Amino acid sequence: MHPAHHHGTAVAAETAAFIATVKGADPATPVPSCPGWTLADLTRHTGSVHRWFTVLLSRRIQQPPTSREVDLRLPEQPDGYPDWLATGAAEAAQVFATTDPDAPMWAWGLDQHARFWVRRMLFETLVHRADAELALGLSPHIDRVLAVDGIDEFLTNLPFASFFAPGTAELRGPDRTIRFGCTDGDDDWLIRLRPDGFGPVTGDARSRTADATVRGTAADLLLLLYGRRDRDSDAFQLLGDQDLITHWFTHSAF
């Protein structure tokens, strides 16, 4: 199966889990992991992203869009948002089914193909599903294989995210490296901070030593990278240059 088809299936599953979490909950419930937001805000944001990405995919855009105007058809009352989210996900699934994932397409990240947007929609949905669960006192479960893919997607695209995550412009260093490693598998990523920028080290990165290392389960690492976990919790091992680790997390907010 093409990875984008798997991603599309996972978007549907993550959206269903999101809806199951928020349906029947008070829309005014605060979302601590998204300060200032309520569950209504979180649901509206996620559904708006779905509709926006669906428009981009359906148009196979080749240039950065000049407008983000989308007919959201938003319900008047927040208690209608979960069903509205479901409708948007169904529309996205229809577009996924008729889109060649390998079609060339503009994207803000590294992968300039339609599949970028399906993968991006998946992790936008997954992280916000976790936000909804955390807001209701639930402990998010994230499939390990999906979490590994999500870490890879995050670290691959973060160097291109400065237009909406301006702090990433500060991720510079005199050839300093930080490793993110999974304790529930052998997946790991080595990121190099250079004087002119940062990015993943390709090739056999596992054999190289790092100036700092952050280790945890894939699910915990994914939530940590997105700022949803506390790096000082017992879930993580922080090894090596602690100032470098602090520098990374201070400036890598997505």
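Structure's up top.
Residues numbered from 1 in each chain as written. Predicted model: local features only at pLDDT ≥ 70, side-chain atom pairs only at ≥ 80, totals over all residues. Heavy atoms only, no water.

## Details of the nonpolar core
The condition that has to hold: Within this scheme, the nonpolar core is defined by two criteria: the residues are buried Ala, Val, Leu, Ile, Met, Phe, Trp, Tyr or Cys, and they are joined through side-chain atoms within 4.5 Å. Three exposure classes are used, based on accessible area relative to the maximum for each residue type with a 1.4 Å probe and protein chains only: buried under 20%, partly exposed in between, and exposed over 50%. In this description a helix means any DSSP run of H or I spanning at least four residues, a strand means any run of E spanning at least two, and both kinds are numbered starting from the N terminus. By the convention used here, residues are in contact when the closest approach between their heavy atoms is within 4.5 Å.
If you look at the biggest cluster of nonpolar residues, it comprises 60 residues, and the most contacted ones within it are Trp-117, Leu-155, Ile-178, Phe-180 and Trp-248. The element best represented in this core is helix 4 (residues 114-135), accounting for 10 residues. In this structure Ile-178 touches Trp-189, Leu-190, Ile-191, Leu-193, Ala-212, Val-214, Leu-244, Ile-245 and Trp-248, once residues within four positions along its chain are discounted. Counting 10 residues, the second-largest nonpolar core is a separate cluster that includes Phe-18, Ile-19, Val-31 and Ala-132.

## Points about the pattern of salt bridges
Quick reminder of the rule: One side-chain nitrogen of Lys or Arg within 4 Å of one carboxyl oxygen of Asp or Glu is enough to make a salt bridge.
Counting across every chain of the model gives 20 salt bridges. Residues Arg-129 and Glu-14 are paired through a salt bridge, measuring 2.8 Å at the closest nitrogen-oxygen approach. Of this pair, Arg-129 sits in helix 4 while Glu-14 is found in helix 1 (residues 3-22), placing the two residues 115 residues apart along the sequence. Owing to a relative accessible area of 4%, Arg-129 belongs among the buried residues under this scheme. Residue Glu-14 is classed as buried on the basis of its relative accessible area of 8%. Between Asp-188 and Arg-179 there is a salt bridge; the shortest N-O distance is 2.9 Å. The class for Arg-179 is buried, based on a relative accessible area of 10%. Overlapping salt bridges bring together Glu-14, Arg-129 and Glu-133 as one network.

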